[in-house]
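# Architecture and fold: a report
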Amino acid sequence: MGIVYSGDAVNLMNENDSFALVTFNNNSTVINDLTITNSDNKNQIIEKINSLTASGKTNILSGLKAGLDLIKDDFSTGEKVCSMILLSDGGDNYNNVTADFKNYISSQRKNNYLFTLHSFGYGEDHNSELMSQIALIREGGYFNIRKLFM
């Protein structure tokens, strides 16, 4: 599956915002470290997003851990607003994602991090129950997007 993205969400961000991108399949990969979204960086971020392709299995836990690790220094004080956004088009291929992520948050002393976690499930193949449970870990919302163009 190829991903087509126009950059609208990134373009709505201002120079006080930051953006990071983590992909996950069998493992997670940091594509873009936490970066201030000034005009130069926005173009680079959009290029990276547009170059993404889907492959491998779906290891959501690996992506969630990597995402949380990226925000650990910037969002531990509560002075900034932070949201993690999880996008997936599949069901997780591993067990206990919600319990293991809660344990990771606690074991890393990140339980006091002030962030919300929103999840978006694309297409018909994602596990909507799991995506909803993941969003509830940090008081976020789950959104079911059946067609990519929506």
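Okay, so let's go over this structure. (Residues numbered from 1 in each chain as written. Predicted model: local features only at pLDDT ≥ 70, side-chain atom pairs only at ≥ 80, totals over all residues. Heavy atoms only, no water.)

### Side note on the packing of helix H3 (residues 60-71) against helix H4 (residues 97-107)
- Between H3 and H4, the shortest axis-to-axis distance is 10 Å and the interhelical angle comes to 25°. In terms of orientation, H3 and H4 fall into the roughly parallel class. The crossing of H3 and H4 is right-handed. Taking contact as the criterion, the partners of Ile60, Leu61, Leu64, Lys65, Leu68 and Asp69 in H3 are, on H4, Val97, Asp100, Phe101, Tyr104 and Ile105.
- Per-class residue counts for the contact of H3 with H4 are eight nonpolar, no polar and three charged. (Axes fitted to C-alpha atoms, helices over the stretch in contact; angles between N-to-C directions. Helix = DSSP H or I, 4+ residues; strand = E, 2+ residues; numbered from the N terminus. Parallel < 35°, antiparallel > 145°, perpendicular 65-115°, else oblique. Left-handed = near helix turned anticlockwise from the far one by under 90°. Contact = heavy atoms within 4.5 Å. Nonpolar A, V, L, I, M, F, W, Y, C, P; charged D, E, K, R; others polar.)

### Re the pairing of strand E3 (residues 83-88)
- On E3, burial follows the alternation: Met84, Leu86 and Ser88 on one face are buried, whereas Ser83, Ile85 and Leu87 on the facing-out side are not.
- By the bridge criterion, six bridges tie E3 to strand E4 (residues 116-122) in an arrangement that is parallel. Its bridge partner being in E4, serine 83 is matched across the sheet by threonine 116. (Buried < 20%, exposed > 50% of the residue type's maximum accessible area, 1.4 Å probe, protein only. Pairing = 2+ DSSP bridges.)

It is worth stressing that arrangement in space is one thing and function is another; only the former is reported here.
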